[in-house]
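Take a look at the letters that make up each chain.
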Amino acid sequence: VIEGPPGTGKTQTILNIIANAIIYNKTVAVVSNNNSATDNVFEKLQSFGVEFIAAPLGKYDNRKEFINSKQCNYPDFNSYKYESTKLYKLRDEIVKLQNELKEMLNYKNKIAGLKSKLSALKIEQQYFNEFYKETYNYKLKVRNIKKLKSVQILKLWNECQVFSEQNKNISFLFKLKSILYYGVSDMAFLKNPISDIIPAFQNLYYVLKVGELENEIKSIDHKLNTFNFKVKQKELSNKSLVILKSSLYDKYIRKKERQKFNEDELWRESEKFNEEYPIILSTTYSLRNCLNKEYLYDYVIVDESSQVDLITGVLTLSCAKNAVIVGDLKQLPNVIPDKVKEIVKPISEHYNLSEGYKYESNSLLSSICSIIPNVPRTMLREHYRCHPKIIEFCNKKFYNNQLIVMTDDHNEKDVIKVYKTVAGNHARGHFNQRQVDIIKQIILPELKKDDGESEIGIISPYRKQTAAIQIDLSNDMEISTVHKFQGREKNDIIISTVDNEISEFTDNPNMLNVAVSRAKNRLRLVVSDNENNENTN
């Protein structure tokens, strides 16, 4: 299982798995619940010039189209040839590059974590300073702080807090320890009331901690700039592509002309077809019908597996010697209609099925994680899509701070902005004209004024709302429900919540995670002014 939160490079990971499988002369089927995910994989293969090894099959019409018009000839393999003696040297160079990049990636991960801490600390410091200046003697400072560390001040602050809670004055022993152990030699400062000393220590802690984080970031930045990470990454990619193409040269060069297959031969000569096209692209529903029903692929990769229902997922697994399940339990699961649930639920109860086997309450991903709790799991942690302020919401709210944000914050203004409608019951069922008006009259002009070329998407939990927005606005932007927008992204996203009082449906954490993480640069949220909404996600 590969857990892939939003923007963490699931497609690139799938391509890497495919490349390694092909080098070892294995067959791969890549499937999803719809064609958009597999189309994305095919487009990436095209960009590397190796799409001739893939067959987009799936449903009958797609198979027929491939047989009739998409079987391609071999490329010119002369450019794929690489001397075997040079390959050994190239592999050594790749291993060296991998080790260097791994070390530098650790630095990038560390600096991303430091930047996240610094951003949060600065916000905290800003609010504290406003409170400090209004409430305490903000002119009170500790002198000679050059050698002080934030951790020392934190300990002093905590000890002073204990004195304060016990209604005691600072002891002579504490003053002596401050001078000899912590290095705070400003006796005049320590003579002040404890009610002034505590906030002064707190203020000093922020000053020192911010400085320490900035210095550490600066030091790591220097190492990364000297290394030139992106150039080395590109070099690794190019050299790895040489290895892949060299293996394809060895695989195909003895074949003078590519065999053309008819529909019957997909079934009768499945092994021969898969030897010719080692990558098969399909939906989960159709994979079993692409080639002979008894045929097994070395690897089946299921993308967006949280959206794959249990029945088609099991059909897919029946074609696999090994399976790689890619998805995210914190994004939207597959939608099972209520009528289907009513039919299936009594069957689950009759056979006393354990939770992981129940069709009505599982996706393929949730079922596997439930049935095989010790299944090998890898989480993709580096996030490359959204502005840090946007993805940090999801990171803290849903991912327990496990994501490492690799995008940069350049102090852009109004990355996230909330628009509240005036108080009142403006929603009529699943439609809210007042929110449509705010989007049309206020939000869109503001976004287009700042960046007229930006890609904008408008999403809502409800179809009625998106239909109304589509009628009211021009068609130069994508307008869709959150469910349909999963797997897509836009520079700017506007979310219309519709509800007067946020419902359980709209407040669903998976829904919110998907909605927020569609925005790369700017996020706009439209909500109704209702005090009951303050306690929602």
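Values in this document were obtained by computation on a predicted structure and should not be read as measured data.

### Brief notes about the overall build of the protein chain
- Of the regular secondary structure elements, the protein chain holds 20 helices and 16 strands.
- Within the span of the protein chain, comprising 537 residues, buried residues form 46% of the whole.
- Pairs at least 24 apart in sequence give 76% of the contacts found in the protein chain among residues at least 6 apart.
- Working note: accessible area of the protein chain is about 29,300 Å², and carbon and sulfur atoms make up 49% of it.

### Considerations on the state of the cysteines
- Taken as a whole and judged by the stated rule, the model has zero disulfides.
- In this structure C386 is not part of a disulfide, and its nearest cysteine sulfur, from C394, lies 6.9 Å away.
- Since its relative accessible area comes to 0%, C386 is described here as buried.
- Taking relative accessible area as the criterion, C394 reaches 0% and is therefore assigned buried.

### Observations concerning the nonpolar core
- Formed by 44 residues in total, the largest nonpolar core has its most connected members in V142, L148, I153, L156, C160, F189 and F201.
- If you list the elements that add at least two residues to this core, you get α4 (84–135), α5 (150–165), α6 (172–182), α7 (187–190), α8 (194–227) and α9 (229–252).
- Considering each element in turn, this core owes the most residues, 15 residues, to α8.

### As for the pattern of salt bridges
- Applying the stated rule across the entire model yields 22 salt bridges.
- In this structure, the salt-bridge partner of K239 is E93, at a minimum N-O distance of 3.0 Å. Of this pair, K239 sits in helix α9 while E93 sits in helix α4, and the two are 146 residues apart along the sequence.
- Take E93: its relative accessible area is 26%, and that puts it in the partly exposed class.
- Three or more residues are tied together by salt bridges with common partners; here these are E93, E235 and K239.

### Some words on the domain arrangement of the protein chain
- Splitting the protein chain by domain gives domain 1 (2–74 + 255–379), domain 2 (98–226) and domain 3 (386–533).
- Measuring from the centre of the C-alpha atoms in domain 2 to the corresponding centre in domain 3 gives 37 Å.
- Opposite the seven residues of domain 2 that make contact, domain 3 presents six residues.
- Of the roughly 480 Å² buried at the junction of domain 2 and domain 3 (both faces included), carbon and sulfur atoms supply 55%.

### Here we look at helix α20 (residues 509–516)
- Most of α20 is tucked away: seven of the eight residues are buried.
- Contact partners of the buried residues in α20: α16 (388–398), β13 (456–460), α19 (482–485), β15 (490–496) and β16 (519–528).
- You can read the cap of α20 off the contacts: a side-chain oxygen lies 2.8 Å from the backbone nitrogen of N510, and it is on N508.

### Considerations on helix α2 (residues 35–47)
- Spanning 13 residues, α2 covers 18 Å between terminal C-alpha atoms, matching the ideal 18 Å at 1.5 Å per step.
- Residues A37, T38, V41 and L45 constitute the buried set of α2. Burial along α2 is one-sided: seen end-on, the buried residues are contained in an arc of 95°.
- Among the structural elements, α1 (10–23), β2 (28–32), β3 (54–56) and β4 (279–283) are those in contact with the buried residues of α2.
- Positioned one or two residues after α2, G49 has a phi angle of 75°, which is positive.

### Things to note about the environment of G4
- Mapping G4 onto the fold places it in the loop between β1 (2–3) and α1.
- Through-space distance from the C-alpha of G4 to that of I67 is 34 Å; in sequence the pair is 63 residues apart.
- Sequence-distant contacts of G4, defined by excluding residues within four places in its chain, comprise K10, G327, D328, Q331 and L380.

### Here we look at a nonpolar patch on the surface
- A grouping of I343, I347, Y351, L353, Y357, I371 and I372 is seen on the molecular surface, where their side chains present a nonpolar patch of about 690 Å² in accessible area.
- Mapped onto the elements of the fold, I371 is located in helix α15 (residues 364–371).

Conventions used here
The numbers attached to residues start from 1 for each chain and follow its sequence in the written order. Local features in this predicted model are restricted to residues whose pLDDT is 70 or higher, and side-chain atom pairs enter the listing and the counts only when it is 80 or higher, whereas totals over whole chains, interfaces and linings include all residues. Heavy atoms from the whole structure form the basis of all side-chain values; hydrogens and water molecules are not counted. By the criteria applied, helices consist of DSSP H or I runs no shorter than four residues and strands consist of E runs no shorter than two, each listed in order from the N terminus. Any residue under 20% of the maximum accessible area for its type is buried, any over 50% is exposed, and the rest in between are partly exposed; the area is computed with a 1.4 Å probe on protein chains only. The criterion used for residue contact is that any of the two residues' heavy atoms lie within 4.5 Å. Working definition of accessibility: Shrake-Rupley area with a 1.4 Å probe, residue cover restricted to the visible protein chains. When two cysteine sulfur atoms lie within 2.5 Å, the pair is treated as a disulfide. What we call a nonpolar core is a set of buried Ala, Val, Leu, Ile, Met, Phe, Trp, Tyr and Cys residues that are connected through their side-chain atoms within 4.5 Å. Salt bridges are defined by distance alone: a side-chain nitrogen of Lys or Arg within 4 Å of a carboxyl oxygen of Asp or Glu. Boundaries of every domain are those given by an automatic assignment or by a domain database. The buried area of a pairing is the accessible area, by a 1.4 Å probe, that goes missing from both parts when the two are put together, added over both. For the purposes of these results, a polar contact is taken to be a pair of N or O atoms within 3.5 Å, where, inside protein, one atom must be able to donate a hydrogen and its partner to accept one; residues adjacent in sequence count only when each atom of the pair is a side-chain atom. Each helix should span, by expectation, one fewer than its residue count multiplied by 1.5 Å. It is the directions from the helix axis to the C-beta atoms that the arc portrays. Exposure above 30% relative accessible area and the absence of a salt bridge qualify a residue for a patch, where like charges join within 9 Å and nonpolar side chains (Val, Leu, Ile, Met, Phe, Trp, Tyr) within 5 Å.

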